[in-house]
Protein chains: 2
Amino acid sequence: MPTLSTTASQPPKLVLEGNKWVVEYQHNQPNLKIDETNMKHTVYIYKCTNSTIRIVGKVNSIVLDSCTKVGLQFDSVVSLVEFINCKSTKLQVIDFVPTIQIEKTDGCHIYLSKKSLQTEFITSKSSEMTVNVPFGDGEYREIPVPEQFKTKLNPGEKSLTTVPNESAGV
Amino acid sequence: MPTLSTTASQPPKLVLEGNKWVVEYQHNQPNLKIDETNMKHTVYIYKCTNSTIRIVGKVNSIVLDSCTKVGLQFDSVVSLVEFINCKSTKLQVIDFVPTIQIEKTDGCHIYLSKKSLQTEFITSKSSEMTVNVPFGDGEYREIPVPEQFKTKLNPGEKSLTTVPNESAGV
């Protein structure tokens, strides 16, 4: 039955609800793709595992919630990309995003584009994060994002100073 | 039966194993106390809830692991006090501790002594932390410990700068 077999190997059709693309409970899908996008669209990716999602064009924002081993590649995002409650994720920025927020996530490896070197990262309660900066001919320099911090009272004891802990893993 | 009733209201006897005091699975015990201590002793408090533990004298280190709603009060610690996987904890330093480490913990309120204002706090993957600084006559000033951070690439794109995010909760 060649028709059935062909259908089974196609990635599932993703659904647009109003201005929100919802990608839920996708497992072992290496070729998920959203390509009918515009700047009003948001993308919400929830409880996916072992999958890769490609978002073509420019969208407003992307949220990955409770995903494990998910790769995300997108062209452009107007406001922010957010990871929350994820494990072992990868993100490739093709064009540009102003802000990437990472919360309660272990394993988040961000590959920036040459146009997106000023992306701001907002992190909390997360570990194993790296920023990968393109240089030369398709190579990347990996820089770890601090995950442990050192805090001391300032003289006068009315405020604190907090800095990344260089000897992390103490 | 007055004898039985008196026995039931006594806190459980805590156990010293070698140089390690182990306080495990204690629930709703407001008056736990360890008072036969010396500088070689470590204290390991595990899976306790709704309890308060008082440690008299000077010990080497104290670890609170997987505790909820636990209050700890101690005189002096030689190396460090560590919180890991805890929720809603309080700590009062009567005399001195050089380092307090807080990991994977939500809710950790530290009350310092006037002799321990230079305590260093090492934090990771934690939230709702405060340092409370004594002033005047038994009053405390509460200062929140940063839990969200902002990271950007430095010029040259070979390193990152990470600072506490002032507008936390973005």
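In what follows, the structure referred to is the one given above.
Below is a short write-up of the structure. (Residues numbered from 1 in each chain as written. Chains lettered and ligands numbered in written order. Predicted model: local features only at pLDDT ≥ 70, side-chain atom pairs only at ≥ 80, totals over all residues. Heavy atoms only, no water.)

**Section: the overall build of chain A**
A count of helical and extended segments in chain A gives 1 helix and 14 strands. Taken over the C-alpha atoms alone, chain A extends approximately 75 × 35 × 30 Å along its principal axes. Burial analysis of chain A (170 residues in total) assigns 46% to the buried set. Residue pairs at least 24 apart in sequence account for 5% of intrachain contacts in chain A once pairs closer than 6 positions are excluded. Carbon together with sulfur atoms contributes 51% to the accessible area of chain A, which is approximately 8500 Å² in total. (Helix = DSSP H or I, 4+ residues; strand = E, 2+ residues; numbered from the N terminus. Buried < 20%, exposed > 50% of the residue type's maximum accessible area, 1.4 Å probe, protein only. Contact = heavy atoms within 4.5 Å. Areas by Shrake-Rupley, 256 points an atom, 1.4 Å probe, with all protein chains shown as cover.)

**Comments concerning the interface of chain A and chain B**
In this complex, chain A contributes 37 residues to the contact, which on the side of chain B involves 37 residues. Between chain A and chain B, a total of about 3200 Å² is buried, with carbon and sulfur atoms accounting for 58% of that surface. The largest per-residue losses of area from chain A upon contact with chain B belong to K125(A), F149(A) and L153(A), which jointly make up 19% of the total buried on that side. Summed over the shared surface of chain A and chain B, the result is 2 salt bridges. For D106(A), the salt bridge identified is with K125(B), shortest N-O distance 2.6 Å. (Buried area = accessible area lost by both parts, 1.4 Å probe. Salt bridge = Lys/Arg side-chain N within 4 Å of Asp/Glu carboxyl O.)

**Concerning empty space enclosed by the protein**
Going through the model one piece at a time under the given rule, you end up with 1 cavity of 30 Å³ or more. Approximately 110 Å³ is the volume attributed to the largest cavity. Forming the boundary of the largest cavity are 16 residues, of which K125(A), E147(A), F149(A), K125(B) and F149(B) lie nearest the centre. (1 Å grid on protein atoms, 1.4 Å probe; cavity = no way out; pocket = protein on both sides within 12 Å on 5 of 7 lines; lining within 4 Å. Points joined across faces, edges and corners; volume = space filled by probe spheres on them.)

**Focus: the packing of aromatic side chains**
Across all of its chains, the model carries 7 aromatic pairs over all chains by this definition. Seen from their ring centres, F149(A) and F149(B) are 3.5 Å apart, and the 5° between their planes marks the pair as stacked. Of this pair, F149(A) sits in strand β13 (residues 148–153) while F149(B) is found in strand β13 (residues 148–153), placing the two residues in two different chains. There is no split in this pair, since F149(A) and F149(B) are both buried. Measuring from ring centre to ring centre gives 5.1 Å for Y111(B) and Y140(B), while their planes differ by 85°; the resulting arrangement is edge-to-face. Here Y111(B) is found in strand β9 (residues 106–111), whereas its partner Y140(B) is found in strand β12 (residues 139–144), with 29 residues between them in sequence. Using a relative accessible area of 34% as the deciding quantity, one classes Y140(B) as partly exposed. (Phe/Tyr/Trp six-rings, centres within 6.5 Å; stacked < 30°, edge-to-face > 60°.)

**Concerning the relation of the copies chain A and chain B**
Mapping chain A onto chain B leaves a residual RMSD of 0.0 Å; the transformation is a rotation of 180° accompanied by 0.0 Å of translation along its axis. Read as a symmetry element, the transformation amounts to a two-fold axis. Considering only C-alpha atoms, the part of chain A nearest the rotation axis is K125(A), at 1.7 Å. When the interface residues of chain A are mapped onto chain B, 100% of them again lie at the interface, so the same face is used by both copies. (Least-squares fit on C-alpha atoms with pLDDT ≥ 70 in both.)

**Here we look at the pairing of strand β6 (residues 68–84) of chain A**
Residues and elements named next belong to chain A. The pairing of strand β5 (residues 49–65) with β6 spans 13 bridges and is parallel. Its bridge partner lying in β6, T52 is registered against G71. Here 6 bridges tie β6 to strand β7 (residues 87–96), and the two strands are oriented parallel to one another. Within β7, the position partnered with L72 by the bridge is L91. Inspection of the sheet shows β6 paired to strand β8 (residues 99–103) by 5 bridges, in the parallel sense. By the bridge assignment for β8, L80 is matched with T99. (Pairing = 2+ DSSP bridges.)

**So, the pattern of salt bridges**
Residue and element names in this part refer to chain A. As enumerated under the stated definition, the model contains 6 salt bridges over all chains in all. Residue R54 is joined to D75 by a salt bridge in which the shortest nitrogen-to-oxygen separation is 3.1 Å. Within this pair, whereas R54 is found in strand β5, its partner D75 is found in strand β6, the two being separated by 21 residues in sequence. R54 gets classed as partly exposed once you look at its relative accessible area, which sits at 22%.

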